[in-house]
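# Structural description and commentary
Each chain, letter by letter, is given below.
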Amino acid sequence: GDSVTQTEGPVTVSESESLIINCTYSATSIAYPNLFWYVRYPGEGLQLLLKVITAGQKGSSRGFEATYNKETTSFHLQKASVQESDSAVYYCALGARLSGSFNKLTFGAGTRLAVCP
Amino acid sequence: DMKVTQMPRYLIKRMGENVLLECGQDMSHETMYWYRQDPGLGLQLIYISYDVDSNSEGDIPKGYRVSRKKREHFSLILDSAKTNQTSVYFCASRSGDSDYTFGSGTRLLVI
């Protein structure tokens, strides 16, 4: 089946430092899945951070970016300068159609990020 | 305000008791999902509901059942809860190919 592997947390960085959270995927149900990064802040539900549906393209949001690399089956999340408010759990996910128009998300285990002031 | 609401937020049950987790959405999304997340694992799909009374098993349906009698409500039922069902449960909804909207989760402890 499909699977997603991401950097094991917790990851601790200082404010204004750069960040990379690695994500690699294996998609057996579909050749080119959609790829997502979700974020969960304390006490809240998962929120979509960014998504890329076309291989080779880059997605960006709130200073984060990720590039869909089909050669290396990777979708690493990067940010040049993190802020304390970025402290959260980040999930990489791939989306594939089950049948017809119905979709399923396969998630990585999540990476807890702590940004120190 | 478009959102998915899960109740309760925290729940403690004894082994063998029945558990009802509720999920509601105010967006009239036809598709709803139940996931669980355990430490070190990604969210795992328990059930999908395509619309009222149209449900399908996900990857880990054993020990669970669902009910969807109204489009805006999707319930997860554990008949005779087990300690290995201790987890955080997330509900989500979407319409067509729209982005998913997730609830804040229910943290269930079975003792």
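Residues numbered from 1 in each chain as written. Chains lettered and ligands numbered in written order. Predicted model: local features only at pLDDT ≥ 70, side-chain atom pairs only at ≥ 80, totals over all residues. Heavy atoms only, no water.

A few words now on the state of the cysteines. A full pass over the atoms with the stated rule returns two disulfides over all chains. Shown here is the disulfide that connects Cys 23 of chain A with Cys 92 of chain A, its sulfur atoms set 1.9 Å apart. With the S-S bond torsion at -65°, the cross-link from Cys 23 of chain A to Cys 92 of chain A turns out left-handed. You can see Cys 23 of chain A sitting in strand S4 (residues 23-26) and its partner Cys 92 of chain A sitting in strand S10 (residues 88-99), a full 69 residues away along the chain. Judged by relative accessible area, Cys 23 of chain A falls into the buried class, the value being 0%. Covalent S-S linkage joins Cys 23 of chain B and Cys 91 of chain B, the inter-sulfur distance amounting to 1.9 Å. Between Cys 23 of chain B and Cys 91 of chain B the disulfide shows an S-S torsion of about -75°. By sign, it is left-handed. Highlighted residues: Cys 23 of chain B in strand S3 (residues 19-25) and Cys 91 of chain B in strand S9 (residues 87-94), separated in sequence by 68 residues. (Disulfide = S-S within 2.5 Å. Helix = DSSP H or I, 4+ residues; strand = E, 2+ residues; numbered from the N terminus. Buried < 20%, exposed > 50% of the residue type's maximum accessible area, 1.4 Å probe, protein only.)

All names here are of chain A. Here four strands make up an open sheet; going across it, the order is S3-S9-S8-S7 and the pairing antiparallel. Lying at the two open borders of the sheet, with one neighbouring strand each, are strand S3 (19-21) and strand S7 (58-61). The mean inter-strand angle of the sheet, taken between neighbouring strand axes irrespective of direction, is 20°. (Pairing = 2+ DSSP bridges. Axes fitted to C-alpha atoms, helices over the stretch in contact; angles between N-to-C directions.)

It is worth spelling out the sheet that holds strand S7 (residues 65-70) of chain B at this point. Residues and elements named next belong to chain B. The four strands are arranged S1-S3-S8-S7 in an open sheet whose pairing can be described as antiparallel. The open sheet has two edge strands with one neighbour each: strand S1 (4-7) and S7. Each neighbouring strand pair of the sheet contributes to a mean axis angle of 20°, computed without reference to strand direction. In terms of strand pairing, S3 meets strand S8 (residues 73-78) through four bridges, oriented antiparallel. When the bridges of S8 are listed, Val 19 appears paired with Leu 78.

Centre-to-centre distance and the angle between the planes together describe a pair of aromatic rings. Applying the stated rule across the entire model yields 14 aromatic pairs over all chains. Taken together, a centroid distance of 6.1 Å and an interplanar angle of 85° make the contact between Tyr 25 of chain A and Tyr 68 of chain A edge-to-face. Of this pair, Tyr 25 of chain A sits in strand S4 while Tyr 68 of chain A sits in the loop between strand S8 (64-67) and strand S9 (77-79), placing them 43 residues apart in sequence. Take Tyr 68 of chain A: its relative accessible area is 1%, and that puts it in the buried class. Summarising the aromatic geometry, the rings of Phe 107 of chain A and Tyr 35 of chain B are spaced 5.5 Å apart at their centres and angled 90° between planes, so their arrangement reads as edge-to-face. Taken together, the residues span two chains, with Phe 107 of chain A in strand S11 (residues 102-107) and Tyr 35 of chain B in strand S4 (residues 31-37). Classification of Phe 107 of chain A as buried rests on a relative accessible area of 5%. (Phe/Tyr/Trp six-rings, centres within 6.5 Å; stacked < 30°, edge-to-face > 60°.)

Across the contact, 21 residues belong to chain B and 19 residues belong to chain A. Approximately 1,700 Å² of surface area, both sides summed, lies buried where chain B meets chain A, with 53% of it carried by carbon and sulfur atoms. Counting across the interface, chain B meets chain A through two salt bridges. Among the ionic pairs, Asp 99 of chain B bridges to Lys 51 of chain A, the shortest N-O distance being 2.7 Å. At the junction of chain B and chain A, the tally comes to six residue pairs in polar contact (both at pLDDT 80 or more). At the level of elements, S4, strand S5 (44-51) and S9 of chain B are the ones that each hand at least two residues to the side of chain B that touches chain A. Here the side of chain B that touches chain A gets four residues from one element, more than from any other, and that element is S4 of chain B. Considered class by class, the residues forming the side of chain B that touches chain A number ten nonpolar, six polar and five charged. (Contact = heavy atoms within 4.5 Å. Buried area = accessible area lost by both parts, 1.4 Å probe. Salt bridge = Lys/Arg side-chain N within 4 Å of Asp/Glu carboxyl O. Polar contact = N/O pair within 3.5 Å; in protein donor to acceptor, adjacent residues only side chain to side chain. Nonpolar A, V, L, I, M, F, W, Y, C, P; charged D, E, K, R; others polar.)

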